[in-house]
Amino acid sequence: MGVKLQSVDELAISPNWKERMRCPRCSSPISDIHAKPSCVNYRCDYSTDGFPMVDGQPVLIDFEESVFDRTMYRRQHGSALNRDTTGRSLGSRLHRLTFGDNPVAADNCQKFIEMLKQHNPHPVVLIVGGATIGAGSHELYNDPDIEVVGSDVFSSDNTVLVADAHRLPFHDATFDGVWIQAVLEHVLEPATVATEIHRVLKSHGLVYAETPFMQQVHERAYDFSRFTRSGHRWLFRKFDEIEAGAVTGPGVALLWSIRYFSRALGAGDKFSRLATLPFFWLRYFDRFGKSRARADAAGGVYFMGRRTERAIRPGSMPLYYEGQR
Ligand SMILES: [Zn+2]
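About the thresholds
- Residues numbered from 1 in each chain as written.
- Predicted model: local features only at pLDDT ≥ 70, side-chain atom pairs only at ≥ 80, totals over all residues.
- Helix = DSSP H or I, 4+ residues; strand = E, 2+ residues; numbered from the N terminus.
- Rg over C-alpha atoms; globule rule 2.2 N^0.38 Å.
- Buried ≥ 20, exposed ≤ 12 C-beta atoms within 10 Å, placed from the backbone.
- Contact = placed C-beta atoms within 7 Å.
- Core = buried A, V, L, I, M, F, W, Y, C linked by C-beta atoms within 7 Å.
- Pairing = 2+ DSSP bridges.
- Axes fitted to C-alpha atoms, helices over the stretch in contact; angles between N-to-C directions.
- Domains from an automatic or database assignment.
- Nonpolar A, V, L, I, M, F, W, Y, C, P; charged D, E, K, R; others polar.
- Expected span 1.5 Å × (residues − 1).
- Arc of directions from axis to C-beta.
- Parallel < 35°, antiparallel > 145°, perpendicular 65-115°, else oblique.
- Left-handed = near helix turned anticlockwise from the far one by under 90°.

Per the secondary structure count, the protein includes twelve helices and eleven strands. In terms of overall dimensions, the protein is globule-like: its C-alpha atoms have a radius of gyration of 20 Å, near the 20 Å expected for 325 residues. The principal-axis extents of the C-alpha atoms in the protein amount to approximately 55 × 45 × 35 Å. Within the protein, buried positions represent 43% of all 325 residues. A separation of at least 24 residues holds for 70% of the contacts in the protein among residues at least 6 apart in sequence.

Right, here's the structure in full:
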């Protein structure tokens, strides 16, 4: 696919990296990051216990504060969220046939890259939830001027470290951009994650987030929240909005409902996918309709914004909704 993958070895040769990372518990530096990572602060539990490694990648998670357990990382890849990261399984293929491709991400990614380069010709971008390369985000990986740092709660060929987004193991102002696609529904506290994204971004840093709205439970035990377009805006209230809107529309939302309707009646995972396939044409209706009405029933929403110090006011939120065109 021509995707540029940065391995841990490449991380190792970058002298900046050790200085960029920190203990997710106490924020102290981490020693021996590529073999036996541990916190240098002798008062911290992670100075004695250290952090696990999985597939040669450090697992920089504070397990006391995470839904993920240390024992999960004794298995290959680690974590109960480990899944098809290639998109080649039958389930992934059936899903694409029915639900189609992401209609906005590739264009938004192009815009994200252009805006990143206005401030830094060689931007560093953190991908949160990057074990699977997100739909429409390939350009980030293909661009030789962009340094991509892939992270997720399990390891894959696309990650360089494992981390929990509630406590990102990086110092303040490390990244020019953070890309977080289909992740915020899976975290216990989305507001905490948004605060962490704000913290690790440089002063003019950019965020791009896509999060489901009208979509049923997926990833089983690890699915916690949904966002309206307004709710998503409020989550990123310490960012100036560059662009926001619906990812998928009411047609795709209806397809999700058909699939989960059949699933609730007893159709298993595979059969519910097959039962939804004949209704694939519903997604073509997503091209029509007014923006606000479409966003009110969107399958998911996106937000692209630039970091600021001042949050928008609560009183501005009704106008934000009314102002959608
Ligand atoms: Zn520590």
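Here we take up the environment of Thr308. Within the fold, Thr308 resides in the loop between β11 (300–307) and α12 (317–322). Distance in space between the C-alpha atoms of Thr308 and Phe239 is 5.2 Å, their sequence separation being 69 residues.

Within soluble globular proteins, side chains that are nonpolar generally end up buried alongside one another. Val125, Val162, Val178, Val207 and Val301 are the most contacted members of the largest nonpolar core, which has 76 residues in total. Examining the composition of this core, we find that five residues originate from one element, strand β9 (residues 201–212), more than from any other.

So, about the sheet that holds strand β8 (residues 175–181). The strand order β3-β4-β7-β6-β5-β8-β9-β11-β10 describes an open sheet built from nine strands, whose pairing is mixed. Whereas interior strands pair on both sides, the edge strands pair on one side only; in this sheet they are β3 (53–54) and β10 (239–246). Examined bridge by bridge, strand β4 (residues 57–60) and strand β7 (residues 161–163) share two bridges and lie parallel to one another. Its bridge partner lying in β7, Leu60 is registered against Ala163. Sheet strands in contact with helix α5 (residues 105–119) are β8, β9, β10 and β11, and its direction is about 175° off that of β9.

Further remarks concern the domain arrangement of the protein. The domains assigned to the protein are domain 1 (8–61) and domain 2 (90–322). Centre-to-centre, using C-alpha coordinates, domain 1 lies 28 Å away from domain 2. Taken together, the contact pairs 14 residues of domain 1 with twelve residues of domain 2. Elements with a minimum of two residues in the side of domain 1 that touches domain 2: α1 (8–13) and β4. Examining the composition of the side of domain 1 that touches domain 2, we find that four residues originate from one element, β4, more than from any other. For the side of domain 1 that touches domain 2, the class distribution of residues is ten nonpolar, one polar and three charged.

Let us look at α5. Between its first and last C-alpha, α5 extends 22 Å over 15 residues, near the 21 Å set by a 1.5 Å rise per residue. Along α5, the residues classified as buried are Ala105, Asn108, Cys109, Phe112 and Leu116. The buried residues of α5 occupy an angular sector of 100° when the element is viewed end-on, so they sit on one face. Structural note: α5 exposes Asp107, Glu114 and Gln118 on the side pointing more than 90 degrees away from its buried face. On its buried face, α5 is in contact with α6 (138–142), β8, β9 and β11.

Mapped onto the fold, Ala297 is located in the loop between α11 (291–296) and β11. The class of Ala297 is partly exposed, set by 17 C-beta atoms lying within 10 Å. With 51 residues separating them along the chain, Ala297 and Ala246 place their C-alpha atoms 8.8 Å apart. Each residue touching Ala297, except ones within four places of it in the same chain, is listed here: Met214, Pro250 and Ala253.

Relative orientation of the contacting elements helix α9 (residues 250–264) and helix α10 (residues 269–276) amounts to 135°, with a least axis distance of 8 Å. By the criterion of interaxial angle, the relationship of α9 to α10 is oblique. Of the two possible hands of crossing, α9 and α10 adopt the one that is right-handed. Touching Leu255, Ile258, Arg259, Ser262 and Arg263 of α9 are Ser272, Arg273, Ala275 and Thr276, all from α10. Counted by class, the contact of α9 with α10 contains three nonpolar, three polar and three charged residues.

Turning next to the environment of Pro52. In this fold, Pro52 is placed in the loop between α3 (45–48) and β3. For the pair Pro52 and Glu196, spaced 144 residues apart in the sequence, the C-alpha separation amounts to 22 Å. Pro52 has contacts with Val59, Arg70 and Tyr73, leaving out every residue within four places of it along the chain.

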